[in-house]
Amino acid sequence: MTNRTRFLLILAGVLAIAVLLQNQCKQAAVEPPTVDLVRIVVAGSSIEPYQSIEANQVRLGPSPGVPITEAADYYTELTQVIGLMTTRFIKTGQEITREDAKPAEEVRYVEQMALEIVSFPAVFSEMVAGQVRPGHKVNIYGYRGETGRGVAAETILVAGNVWVVDVRTAAGEEAREATPEAAAGRPAGIISSPSVRGAGAEPGSVLSVAASPDIVRKIIDAFGAQGYEAWVTLAPSPDHIPTAPPPTSTPTRLPPGTPIPPNEPTPTPPLPPPSLTGAVYMSHADDGPQVDVFPNTTSMAWAIVALQYRPDQPLPIRIDVKTADGATTVFDRDEIHPQSGQVSYLINPAGGFSPDTKYTTTIYATDETFSADWQLCGNSPLPFTGEDGSAPGDN
């Protein structure tokens, strides 16, 4: 074999290998790699935000779906989304991501849709030194100090046994729990104070609670409209409040020969509560805002009585309205406080009220008394406050 022949054979082999490699590259470019797809949940009809998803509102989307590597961001089973709450408006056919639907407690803290969620500021040192955390039941008090304008310092019970759902710093950051579990003799979940969480940490100062709409309105009225400051205490557990024992009596001995009267059922009076806290203020309306100064034309007013006690049962009270010097009683009536909480009572003395006169309303409940001072002064429009009849902020 000559050198020329050998060279031609080698050249032909090289060309064949090049053609083979070129064909393989073309085939690889034409056939893309296989991608595993998965079907995901889409809206079968439009779903409003802040709504629990029902079974007839969702369906599995058509093929091909999304790559399985992205499926973690979506719901892939109908049972995964039923009962969740939407965080935005979802149109028909739109894919539902895990940010679009979440458990109700992650959207609004609690599942109970009948409860409102409200936040209000409270000083850290006035929240049981930071021991208030989500899940606690608290009593909420409103207080204000002496203003120097004739308005006396006072404290009122705003709401009792209220459910805490969140505690935040003034900047809106979550106040973390310092102890996740209870140790022997030590409360669990203490909200961290600066000394616990380290330098620069901010203590909890915004409390969020879940309550019925009427309780939420009282909280907003006290800390918004009336300008009270909040003081928060841990509410006592009803299981640890002893029930007062029934009164005992000594049977009466009848003289010999005295006919025995027939047994008649004796009504059992409600037992006095073992512990009771409360407050009273006056208003121009049923369950209205506090008013200290009424116009001289006033013929009736309302006593707003807030009492908290256990056991929660009807409690006899007495309402007494006297002139400030105690010389004249203008209203005196026995009432029943139906249950622990706030109740309004109409004050409408037969002889009316005297112009330019100061009064004191006193509530007698068991051995406790609660009083509020108010007056009639001039014909100024409501709701003026202060003993001098001036509106707040006047000089």
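Computed from a prediction, not measured in an experiment: that's the story for all the values here. (Residues numbered from 1 in each chain as written. Predicted model: local features only at pLDDT ≥ 70, side-chain atom pairs only at ≥ 80, totals over all residues. Heavy atoms only, no water.)

Caption draft 1: Highlighting the overall build of the protein. Along its length, the protein carries five helices and 19 strands. Counting the 395 residues in the protein, one finds 34% classified as buried. At a minimum sequence separation of 6, the contacts of the protein that also span at least 24 residues come to 66%. Of the roughly 23,000 Å² of accessible surface on the protein, 56% is carried by carbon and sulfur atoms. (Helix = DSSP H or I, 4+ residues; strand = E, 2+ residues; numbered from the N terminus. Buried < 20%, exposed > 50% of the residue type's maximum accessible area, 1.4 Å probe, protein only. Contact = heavy atoms within 4.5 Å. Areas by Shrake-Rupley, 256 points an atom, 1.4 Å probe, with all protein chains shown as cover.)

Caption draft 2: Main features of the sheet that holds strand E7 (residues 116-121). Reading across from one edge, E7-E10-E9-E8-E11 is the order of the five strands in this open sheet, with antiparallel pairing throughout. Each edge of the open sheet carries a strand with a single partner, namely E7 and strand E11 (229-234). Within the sheet, the average angular offset between the axes of one strand and its neighbour, ignoring direction, is 45 degrees. The sheet contact formed by strand E9 (residues 154-168) and strand E10 (residues 206-211) spans five bridges and is antiparallel. Each bridged residue has a counterpart across the sheet, and for valine 164 the counterpart in E10 is valine 209. Lying over the sheet, helix H5 (residues 213-225) contacts E7, strand E8 (137-144), E9, E10 and E11, oriented at roughly 20 degrees with respect to E7. (Pairing = 2+ DSSP bridges. Axes fitted to C-alpha atoms, helices over the stretch in contact; angles between N-to-C directions.)

Caption draft 3: Structural context of the confidence of the model for the protein. For the protein, the mean per-residue pLDDT works out to 75, and 70% of the residues sit at or above 70. Averaged pLDDT values for the elements of the protein fall to 30 in helix H4 (residues 194-197) and rise to 94 in strand E18 (residues 358-365). Below a pLDDT of 50 lies the segment residues 382-395, which in the model reaches 34 contacts outside its immediate sequence neighbourhood of four places, other chains included. (pLDDT = per-residue confidence, 0-100.)

Caption draft 4: Geometry of H5. For H5, the complete set of buried residues consists of Ile215, Val216, Lys218, Ile219, Asp221, Ala222 and Phe223. Buried residues belonging to H5 abut E7, E8, E9, E10, E11 and strand E17 (341-347). The first or second residue beyond H5 is glycine 227, which carries a positive phi of 75 degrees.

Caption draft 5: The side chain of glutamate 154, seen in detail. Topologically, glutamate 154 is positioned in strand E9. There is a polar contact of 2.8 Å between the side chain of glutamate 154 and the side chain of arginine 144. Looking at glutamate 154, its side chain comes within polar contact range of the side chain of glutamine 290, at 3.0 Å. Dropping the residues within four chain positions of it, glutamate 154 is found in contact with Gly142, Tyr143, Arg144, Tyr228 and Gln290. (Polar contact = N/O pair within 3.5 Å; in protein donor to acceptor, adjacent residues only side chain to side chain.)

Caption draft 6: Structural detail: the nonpolar core. Core analysis: the biggest nonpolar cluster contains 26 residues, and Leu307, Ile347 and Trp374 have the highest contact counts within it. Secondary structure elements with two or more residues in this core: strand E12 (275-283), strand E14 (301-310), strand E15 (315-323), E17, E18 and strand E19 (368-376). By residue number, the principal contributor to this core is E14, which donates five residues. Those residues in contact with isoleucine 347 that lie beyond four places of it in its chain are Met282, Met300, Ala301, Trp302, Ala303, Ile319, Val321, Phe331 and Phe353. (Core = buried A, V, L, I, M, F, W, Y, C linked by side-chain atoms within 4.5 Å.)

Caption draft 7: Up close: the pattern of salt bridges. Going through the model one piece at a time under the given rule, you end up with nine salt bridges. Arginine 217 is paired through a salt bridge with aspartate 287; the nearest N and O atoms lie 2.5 Å apart. Placement of arginine 217 in helix H5 and of aspartate 287 in the loop between E12 and strand E13 (293-294) is noted, with a sequence separation of 70 residues between them. Between lysine 322 and aspartate 320 there is a salt bridge, with the nearest N and O atoms lying 2.8 Å from each other. The partly exposed category is assigned to lysine 322, whose relative accessible area is 25%. Judged by its relative accessible area of 6%, aspartate 320 is buried. Counted as one network, the salt bridges with shared partners bring together Arg318, Asp332 and Asp334. (Salt bridge = Lys/Arg side-chain N within 4 Å of Asp/Glu carboxyl O.)

Caption draft 8: Here's a closer look at the environment of valine 280. One can find valine 280 in strand E12. On the basis of relative accessible area, valine 280 is assigned to the buried category, the value being 4%. Distance in space between the C-alpha atoms of valine 280 and isoleucine 156 is 7.4 Å, their sequence separation being 124 residues. With sequence-adjacent residues up to four places away left out, valine 280 is seen in contact with Ala303, Ile304, Val305, Thr361, Ile363, Phe370, Ser371 and Ala372.

Caption draft 9: Inspection of the sheet that holds strand E16 (residues 329-337) at higher detail. If you walk across this open sheet you meet the five strands as E13-E19-E18-E15-E16, and the pairing is mixed. What marks the edges here is a single partner per strand, and that holds for E13 and E16. Bridge analysis of E18 against E19 gives eight bridges, and the strand direction is antiparallel. In the sheet register, lysine 358 faces E19, and the bridge partner there is glutamine 375.

Caption draft 10: Representation of unusual backbone geometry in the model. Located in the positive-phi region is aspartate 356, a residue other than glycine, with phi close to 50 degrees. Mapped onto the elements, aspartate 356 comes out in the loop between E17 and E18. If you check the backbone angles, threonine 366 has positive phi at about 50 degrees while not being a glycine. Tracing the backbone through its elements, the reader meets threonine 366 in the loop between E18 and E19. With relative accessibility at 38%, the residue threonine 366 sits in the partly exposed group.

Caption draft 11: Structural context of the packing of aromatic side chains. A complete count under the given rule lists six aromatic pairs for this structure. When the centroid spacing of 5.5 Å and the interplanar angle of 65 degrees are considered together, the rings of phenylalanine 353 and tyrosine 359 count as edge-to-face. Of the two residues, phenylalanine 353 and tyrosine 359, both sit in the buried class. A connected cluster of aromatic rings, assembled from ring pairs, spans Phe294, Phe353, Tyr359 and Trp374. Note that arginine 144 overlies the ring of tyrosine 228, its terminal NZ or CZ placed 4.1 Å from the centroid. (Phe/Tyr/Trp six-rings, centres within 6.5 Å; stacked < 30°, edge-to-face > 60°. Lys NZ or Arg CZ within 6 Å of the ring centre and 35° of its normal.)

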